[in-house]
Every structure is written in structure tokens, then in C-alpha cells.
Amino acid sequence: MEKLFIQDGDVKREFNEAEYAQYAIDQAENKKQADEAKAKAAAKAALLSKLGITADEAALLLA
Amino acid sequence: MAAGLGLKTFVTGDVLTAADTNGYLMQGVWVFASAAARTSAVTSPQEGNMSYLKDTDKVEYYSGSAWVGVGGTPGLAFINSGTFTTSSAVSLATSTFTTAYTNYFVQFTITACSSANDLGLRGRTSGTDLSTTVYDYAVNGGKTNSTTYTFGGTSADRIYLSSMTTGTPYRGSITLFSPQTTANTYVSTQGLGTESSLGATANAYGNARTAAQFDAATIFPSTGTITGFYNVYGFSNS
């Protein structure tokens, strides 16, 4: 794993064990959220394709 | 030392008495090496006496009961500042937040970030971040194409402040309300960042629903590193 550093007050130091563990949790959560956003965007694109309209046209319908 | 007598215009032939000397001529700004030196030299200060202390570079007056800094208490009291370079997280120094002030103001400037990311904030106590899901947040702003955006959440593991890209890193002012008390810590921010690849204002609401008493905070990108600087101030209560 790449080395990560924290600016802790006046001291720049490498992450400690707990901070690396939290970072791993945070990255997993980030990936989960990114995957969900990607899936949502893909579903939206598929629906627009099925309807045969563009995103702008869909926005007009909802306005 | 004698009390000041005010202002007197001497004319030719006046006799300069000891009382005149002490009451008029000696009533300037006395220069001392330190407060201790002043205490030794001025054993009976009088209301209105003035001094300059060389060790602190401060001008003070005697109020009748104490030496008081000229200019009063500033509304914003500087606490500390720092710089950071290619850091994955930035933690304010332990004991940045104390009982000396109720509310705090952080100016946080990121001059460079290694990748597009979302900036978050967590409360910190005795060198450890609180990373449980006690945070609520809401971010809104306007984009350079004249549209607006908003996103938010509850029971998150951080307060989101803004999104940013390498082209427009976050710059913002963060106000923390009562971080040192057992009541919830509220956060409000005004800043700028990026939303959907466009430059945007980023105004955030945050709430840490916890009795934890924070003595610092950690600000960190969701991924990559950040470079920049910050200043922390306390809001004076009087």
C-alpha cells in the first residue's frame, strides 16, 4: 500500500495504524458511492435510449 | 507615580515644581523591558498611566485596577496557523479548541490537489478523529453556468464541505459552533470549489450529533492529497 501522510498540527507524519484502517474504510465507501452513481447514470441513459429522447427533452417533460 | 494632571502650557517665568514635573512632564508613555520590570518601577500606578512593554510590543494603560491593552479585545483572536504539502489529511493542533472561546473560525485554503475529490471534516479529540456516523450535512451552491446544485445526507461519517478538481481546489471559511461543549457541534461554511466540472460556490451546513468535546478537527480529501495553508481564530465573547 502506498504511504499516506497527515499534517498533524505542526508535524507531517505517516498515518498510524488506526488512520490507515480508517482510510481503507473510507476508500471502500467512496468506491461504493461511485459505483452507485455510475449504475444510476447507466440506468438513466438506458431509459432515455428506450424512450428515444435526450436528457434535455426529458427535462422539458418534467419542467 | 503621581496621577496625571492633564495639559498645562508653561509660560516664561513659570517655576517648574516637582508636582508639575510628575503631573505633567512625566505623564508620557513609559518604556519597560517587561511587565515585571514595570511592577518594580511603578509601585503605585494611577489611572491613566501609560506604558510600552518591549517583550510583548504592547501599549497598555492603567485602568485604576489593572494594566489593560490599548485597543481592547479583538473580535477575532488568532489561535494558530499551519501549512500542509501533499497530505492525505490535515488535523488542527491538539487543543486548538478550548474553553477560552465558544465558537471558532477556520480559513482553509487549498492551493493544489492531486485529483478530483470531495472534501470532508471530522471532529477530533486528543489526537483521534471521530469517524462514526454522527454527522449530518447539506451542501448547496451556484455554478458558473447559472444553475444551482444541492446534496446532503444524515448519519454520515463526515461533514462534506465541497467538491473540487485540480483546476479549482477548495478555498473556504469554516465556522464551528461550540466544538468544546457536550452539545452538538454545528458547522457552517462559505467557500468555493467545483460541481460537475464547473466552478461553483460551496456553502455547507454540518452537525455532529454527539456529546464529544472536540479540541481540534481534521479536514481531508476523499482521495489523493492536498497542499495549502490555514488560519484558526476564536470569536471573542466580549
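Residues numbered from 1 in each chain as written. Chains lettered and ligands numbered in written order. Predicted model: local features only at pLDDT ≥ 70, side-chain atom pairs only at ≥ 80, totals over all residues. Heavy atoms only, no water.

**A short note on the confidence of the model for chain B**
Model confidence for chain B is summarised by a mean pLDDT of 94, while 100% of its residues fall at 70 or above. For this predicted complex, the interface confidence reaches an ipTM of 0.75, while the overall pTM sits at 0.78. (pLDDT = per-residue confidence, 0-100.)

**What to know about the pattern of salt bridges**
Side-chain pairs of opposite charge can arise whenever the charged atoms involved come near each other. If you walk through the whole model with that rule in mind, you get 12 salt bridges over all chains. Residues B:R124 and A:D8 are paired through a salt bridge, measuring 3.5 Å at the closest nitrogen-oxygen approach. With one member in each of two chains, B:R124 in strand β8 (residues 117-125) and A:D8 in strand β1 (residues 5-8) form a pair that bridges those chains. Here B:R122 makes a salt bridge to B:D157, at a shortest N to O gap of 3.3 Å. Of the two residues, B:R122 is situated in strand β8 and B:D157 in the loop between β11 (148-156) and β12 (159-164); the sequence distance between them amounts to 35 residues. (Salt bridge = Lys/Arg side-chain N within 4 Å of Asp/Glu carboxyl O. Helix = DSSP H or I, 4+ residues; strand = E, 2+ residues; numbered from the N terminus.)

**Here's the deal with the environment of B:G6**
Residues and elements named next belong to chain B. Mapped onto the fold, G6 is located in the segment before α1 (18-25). By relative accessible area, which is 56% here, G6 ends up exposed. Put simply, G6 and G64 are 58 residues apart on the chain and 16 Å apart in space, counted from C-alpha to C-alpha. Aside from chain neighbours lying at most four places away, what touches G6 is G23 and Y24. (Buried < 20%, exposed > 50% of the residue type's maximum accessible area, 1.4 Å probe, protein only. Contact = heavy atoms within 4.5 Å.)

**Observations concerning the interface of chain B and chain A**
Across the contact, 23 residues belong to chain B and 17 residues belong to chain A. Together chain B and chain A conceal approximately 1,300 Å² of surface at their shared face, both sides included; 32% is due to carbon and sulfur atoms. Linking chain B to chain A there are three salt bridges. Connecting chain B to chain A are 11 residue pairs in polar contact (both at pLDDT 80 or more). Secondary structure elements with two or more residues in the side of chain B that touches chain A: β5 (76-87), β6 (89-91) and β8 of chain B. Residue contributions to the side of chain B that touches chain A peak at six residues, all from β5(B). Of the residues that constitute the side of chain B that touches chain A, the class distribution is eight nonpolar, 11 polar and four charged. With three bridges joining them, β1(A) and β6(B) adopt parallel strand pairing. Counted as the bridge partner of A:Q7 is B:V90 from β6(B). (Buried area = accessible area lost by both parts, 1.4 Å probe. Polar contact = N/O pair within 3.5 Å; in protein donor to acceptor, adjacent residues only side chain to side chain. Nonpolar A, V, L, I, M, F, W, Y, C, P; charged D, E, K, R; others polar. Pairing = 2+ DSSP bridges.)

**Some points on unusual backbone geometry**
Peptide bonds are mostly trans, and most non-glycine residues show a negative phi. Residue and element names in this part refer to chain B. Backbone geometry at S126 places phi at a positive 50°, although glycine is not the residue there. For S126, the location among the structural elements is in the loop between β8 and β9 (128-129). Looking at S126, the relative accessible area reads 59%, which means it is exposed. A positive phi angle is found at S155, which is not glycine, with a value near 50°. Mapped onto the fold, S155 is located in strand β11.

**Comments concerning the environment of B:V42**
All names here are of chain B. As for its placement among the helices and strands, V42 is situated in the loop between α2 (35-41) and β2 (50-53). Using a relative accessible area of 8% as the deciding quantity, one classes V42 as buried. Distance in space between the C-alpha atoms of V42 and A2 is 9.9 Å, their sequence separation being 40 residues.

**Re the sheet that holds β5(B)**
All names here are of chain B. A sheet is described by the order of its strands in space; here eight strands give the open sequence β5-β17-β7-β13-β14-β15-β10-β11, paired in antiparallel fashion. Two strands bound the open sheet, and with one partner strand each, they are β5 and β11. Across the sheet, the mean angle separating the axes of adjacent strands is 15° when strand polarity is ignored. Bridge count between strand β7 (residues 103-113) and strand β17 (residues 226-235): nine bridges; the pairing is antiparallel. Bridging from a neighbouring strand, F105 pairs with Y233 of β17. (Axes fitted to C-alpha atoms, helices over the stretch in contact; angles between N-to-C directions.)

**Re the sheet that holds strand β1 (residues 29-32) of chain B**
Residues and elements named next belong to chain B. Overall, mixed pairing links the four strands, which are arranged β1-β2-β3-β4 in an open sheet. The sheet is open, and its two borders are formed by β1 and β4 (67-69), each paired with just one other strand. Each neighbouring strand pair of the sheet contributes to a mean axis angle of 35°, computed without reference to strand direction. Of the strand pairs in this sheet, β2 and strand β3 (residues 58-62) are connected by four bridges, and their pairing is antiparallel. Each residue of the ladder has a partner; that of M50, found in β3, is Y61.

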